[in-house]
Amino acid sequence: MMLVAPLAGSCSSSASKEKEQAHQDSIAASAELEEARLDSIRQDSIDRRNFTSPDLAFYELHGDVKKCVYKRKFGYSPEDCITFDENGKWTNDQWSKYEKKYCPDRTKHPRVTRNKDGYITKIYCECDFDYEYINVKWKNGKVQKCFLSTYRYNDDGLVIGCVDDEEFDYQESATYSNYVLDDMGNWIKRDVTIRNTDTYSNSSTIRKETETRTIEYYKSNGGGSHPVANTAKQNKAIAANNQKQQKQQEESPQVVENHINSNANSSGNNIRSNNTSFSSAQDVMRYLDGKTFYDGSDGLRIGFDAVYMNGRAMTGAPRVTNFGDGTATIVAHSPYAGNGQLTFRINASAQTITQAGETYHLR
């Protein structure tokens, strides 16, 4: 009997220890499973952030982007909405029913052409563009040249500048700065300083704008906003452009305005205006910049990129065909006129634009 009790006690102690060990092992296993789960979540988040595709790269994006909406002051369209599938493929790159109806020669081609690696190499333009298509060249997974524009990047892969090829004695360049990124590292805001140069007269003008993007993701939360410091090159370009813009404002031509001749004769007041002489196409566009001309409630504005009616782009890029002593002629193609050519006659002295018998007056 005396020998049994210690053995019974020993068995009870051993069972308790085994039970405790099993409990500890269960806790450790649960902790490992939880850690594995968190690692999986973290890895999934990293994978989603680092995910890219040729189409996403074309739009300076990465991650599980579902939709990106651009907003800008200038450009052919003040707002663009680009959508992607979960594989990063651009999905709204198809011709519209309107374009198929009115531009059969252009829409017989696929809207986008890609190489064997999936990178976009050619995009056919909308009906109202003077050019049928634009070519795209790549280097190290980034757009090196698109149409006339050649791009430069910083070490983080953000565009910091671009220069257009000279065309019709006209050249445009841009400096991108003051980037703001979301939590996924995609830019959601940046400033653009655009220099337009008339190479014939060796004169240039500066304009500035801010571009924004609203980005929607499939799973990720973009959130947040993180400013990015400018590089030395960006700051140098900004300073040069600011200096040029200040000089431009100091030397801007006198605004054309009517005035009454104080020596009017007896037949009544003789009203005349200061003459504005256009010596280049750039002078014409500079005169029109920011001005809206009205015929009743309809407002007409001719920009560097398009002719706008009541704020809506109605044509492709306008082109100055002739100019003289305060008068000029501008042509542009419009899909709303069967992709035909529209002609606009500028009279700076009268402060009017005439098109198809309709006269628009500057207010």
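The shown structure was predicted, so the numbers you read here are calculated from the model rather than taken from an experiment. (Residues numbered from 1 in each chain as written. Predicted model: local features only at pLDDT ≥ 70, side-chain atom pairs only at ≥ 80, totals over all residues. Heavy atoms only, no water.)

### What about the overall build of the protein?
Within the protein, the secondary structure is distributed over six helices and 23 strands. Partitioning the intrachain contacts of the protein with sequence separation of at least 6 by distance along the chain shows that 45% fall at a separation of at least 24. When the accessible surface of the protein is split by element, carbon and sulfur atoms take 49% of a total near 21,300 Å². (Helix = DSSP H or I, 4+ residues; strand = E, 2+ residues; numbered from the N terminus. Contact = heavy atoms within 4.5 Å. Areas by Shrake-Rupley, 256 points an atom, 1.4 Å probe, with all protein chains shown as cover.)

### Section: the confidence of the model for the protein
Averaged over every residue, the pLDDT of the protein is 78; residues scoring 70 or more account for 75%. In the predicted structure, residues 1–11 sits below a pLDDT of 50 and forms zero contacts with residues beyond four places in sequence or in another chain. Here residues 253–274 is a poorly scored stretch, pLDDT under 50, and it has 27 contacts once near neighbours within four places are set aside; other chains count. (pLDDT = per-residue confidence, 0-100.)

### Quick notes on the packing of aromatic side chains
According to the stated counting rule, one finds ten aromatic pairs in the structure shown. Between F58 and Y59, the ring centres sit 5.0 Å apart and the planes meet at 90°, which makes this aromatic pair edge-to-face. With relative accessibility at 15%, the residue F58 sits in the buried group. Summarising the aromatic geometry, the rings of F278 and Y287 are spaced 5.7 Å apart at their centres and angled 55° between planes, so their arrangement reads as tilted. The burial state of F278 is the same as that of Y287; both residues are buried. Counting every residue linked through ring pairs, the aromatic cluster contains F58, Y59, Y70, F84, W90, Y119, W138, Y179 and W187. (Phe/Tyr/Trp six-rings, centres within 6.5 Å; stacked < 30°, edge-to-face > 60°. Buried < 20%, exposed > 50% of the residue type's maximum accessible area, 1.4 Å probe, protein only.)

### Details of the pairing of strand β10 (residues 187–198)
Bridge analysis of strand β9 (residues 170–181) against β10 gives ten bridges, and the strand direction is antiparallel. Its bridge partner lying in β10, A174 is registered against I194. If you look at the hairpin formed by β9 and β10, you'll find five residues sitting between the two strands, and G185 has a positive phi there, around 90°. Pairing of β10 with strand β11 (residues 203–217) involves ten bridges; the strand directions are antiparallel. By the bridge assignment for β11, N196 is matched with T205. Between β10 and the antiparallel strand that follows it, β11, lie four residues; N202 among them carries a positive phi value of about 55°. (Pairing = 2+ DSSP bridges.)

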